[in-house]
Amino acid sequence: MKPETAFSMETSSIKYGPGVTREVGWDMEEQGAHRVMVLTDTNLRDKEPVSVTLEALRKHSIDAVLYDQVNVEPTDVSFKEAIQFAEEGHFDGFVAVGGGSSMDTAKAANLYSTYPADFMTYVNPPIGGGKPVPGALKPLIAVPTTAGTGSETTGVAIFDFLEMNAKTGIAHRALRPIKGIVDPNNTRSLPQMVAACTGLDQLTHALESLTALPYNQRPAPEHPKLRPAYQGANPISHIWASRAIEIISHKLVRVIEDPSDDEARGEVLLAATYAGIGFGNGGVHLPHGMSYPVSGMVRDYVPEGYPPGHPLVPHGMAVVLNAPAVFRFTAPANPEVHLYAAKLMGKDISRASPEDAGEVLASAVVELMRKVGMPNGLSAVGYGPEDVDKLVEGTLPQHRVTKLSPRPASAEDLKQLFLDSLKLW
Ligand SMILES: [Zn+2]
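Basis of the calculations
- Residues numbered from 1 in each chain as written.
- Predicted model: local features only at pLDDT ≥ 70, side-chain atom pairs only at ≥ 80, totals over all residues.
- Heavy atoms only, no water.
- Buried < 20%, exposed > 50% of the residue type's maximum accessible area, 1.4 Å probe, protein only.
- Helix = DSSP H or I, 4+ residues; strand = E, 2+ residues; numbered from the N terminus.
- Pairing = 2+ DSSP bridges.
- Axes fitted to C-alpha atoms, helices over the stretch in contact; angles between N-to-C directions.
- Donors = N, O, S within 2.8 Å, 3.2 Å for Na, K, Ca; no water.
- Tetrahedral: all angles 85-135°; square planar, octahedral: opposite > 155°, others 65-115°.
- Contact = heavy atoms within 4.5 Å.
- Phe/Tyr/Trp six-rings, centres within 6.5 Å; stacked < 30°, edge-to-face > 60°.

A.B. asks: Please set out the pairing of strand E4 (residues 93–98) residue by residue, giving values where relevant.
C.D. replies: Taken across its six residues, E4 has six buried, putting it largely inside the fold. The alternating pattern of E4 places Gly93, Val95 and Val97 and Phe94, Ala96 and Gly98 on opposite faces, both of which are buried. The sheet contact formed by E4 and strand E5 (residues 140–144) spans five bridges and is parallel. If you follow Val95 over to E5, its bridge partner there is Ile141.

In structure tokens:
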């Protein structure tokens, strides 16, 4: 294997501040857009972030067309509906208002309406063809309303591929929004459990990109255009991930306990963006790879604060439930980094030895999970030992992310990791 010797830092430009959504009209005008598709979901349709966005665009004489049919858990079917709307609308710009689902749907709509192709063409292999995006896309501005996905900074669009009952996605740097409008006013009304799940998702993004296989330990691409968006841990992703871990670990509890704490909420929102830059360049690994079947195979679990009648394991919850077991498993590959992460989370590591690294980091994560009200392991969201083989089966196709684990995980290892995640305390 010829090892990789290069890495790059690519990110959207970010605008942060209470009320900056009102500037989105100017931001789009600057891009030369005249007719813009605004994507959101039905829950947000009548809420302030959407009305402020539409007003701001129209104030700058931009023809803003609302598309409110984004699926909260996007599928290939919901992506295709948005793509069709985009093709028929002849837009020259896109604005996504919402969580990761709106932003990811906007990325797909932008891609396929700009470079039409059979749907599987750009989808990640082995499920899809993995063809690189042919060139630049139209300007996409992201207005996140949940503090969590960091999707405004990444070139990744995730969806459920219904036929295979698998989560997959499209990943290419050209998908990345040209700007993220990070406005704390847009996250004020998040229910506590939603804020906890998204906060822990961003924490895990940061922990995973920090501990991922270093970029110079994976093979070099045959051509620069084949260099993956998820490059592995590198000096730049390290910086963004580190600061994100520190902020979230110290401020998330305040956000959960007091949603009117504007300062803490603003900081956690900004940290989500930092974490997004970290993992958008560095990548994620096992907790994310294992989370997809945990979300996908849900039976009847409905978390507090989420709409009744729709069983779901929220993404951030599905990710963090696996995280403690994973970090115990990966720590031997790079104990110093795991200890450093625990230190960023506020743990005293002065007397910890390299052998303790996994346990120290895992317990820091568990402590925070308990403080913000996470369920106690996979068993608390409806899984038992009899489900583990299926969960493993659902993880194996996620090799785009799992191969960035600093320690390779076999099917047997994954099985043990799921068993260890059934109960966390
Ligand atoms: Zn995530």
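That shown, we press on.
A.B. asks: Would you mind going over the sheet that holds strand E1 (residues 13–16) in detail, with residue names and values included?
C.D. replies: Pairing in this open sheet of six strands is parallel, and the strands run E1-E8-E5-E4-E2-E3 from one edge to the other. Edge positions in the sheet fall to E1 and strand E3 (63–67), since each has one partner strand and no second. Here the average twist between neighbouring strands, direction ignored, is 20°. Two elements, E1 and strand E8 (residues 179–182), share four bridges in a ladder whose sense is parallel. Following the sheet pairing, Ser13 is matched in E8 by Lys179.

A.B. asks: How would you sum up the coordination of the zinc ion? Please name residues and give values.
C.D. replies: Donor atoms from the polypeptide that coordinate the zinc ion comprise Asp201 (OD), His205 (NE2), His288 (NE2) and His315 (NE2), at 2.1 to 2.3 Å from the metal. Taken together, the four donor atoms surrounding the zinc ion define angles of 89 to 170° at the centre, an arrangement classified as irregular. Here the donor residues for the zinc ion map to a single chain with the spacing D-x3-H-x82-H-x26-H. Placement of Asp201 in helix H5 (residues 192–211) and of His288 in helix H8 (residues 286–296) is noted, with a sequence separation of 87 residues between them. Across this residue pair, the class does not change: Asp201 and His288 are buried.

A.B. asks: Help me get a handle on unusual backbone geometry, residues and values and all.
C.D. replies: With an omega of 5°, the peptide bond between Pro125 and Pro126 qualifies as cis. Here Pro126 is to be found in the loop between helix H4 (100–114) and E5. Not every positive phi belongs to a glycine, and His90 is a case in point at roughly 50°. By the element assignment, His90 lies in the loop between helix H3 (76–89) and E4. Taking the relative accessible area as the measure of exposure, His90 reaches 65% and is therefore exposed.

A.B. asks: If you had to explain the side chain of His338 to someone new, which residues and values would you point to?
C.D. replies: Locating His338 in the fold gives a position in helix H10 (residues 335–344). The contacts of His338, once residues within four sequence positions are left out, are Thr211, Phe327, Thr330, Ala331, Ala357 and Leu361.

A.B. asks: Describe the packing of aromatic side chains, listing the residues and the values that go with them.
C.D. replies: Per the stated rule, a full pass over the model turns up 10 aromatic pairs. With a centroid separation of 4.8 Å and an interplanar angle of 65°, the aromatic rings of Phe7 and Tyr215 are classed as edge-to-face. In this pair, Phe7 is assigned in the segment before E1 and Tyr215 in the loop between H5 and helix H6 (235–257), connecting sequence segments 208 residues apart. Judged by its relative accessible area of 29%, Phe7 is partly exposed. Their ring planes at 65° and their centres at 6.1 Å tell us that Tyr230 and Phe279 sit as a pair that is edge-to-face. Here Phe279 lies in helix H7 (residues 262–282) and Tyr230 lies in the loop between H5 and H6, a separation of 49 residues in the sequence. Owing to a relative accessible area of 8%, Tyr230 belongs among the buried residues under this scheme.

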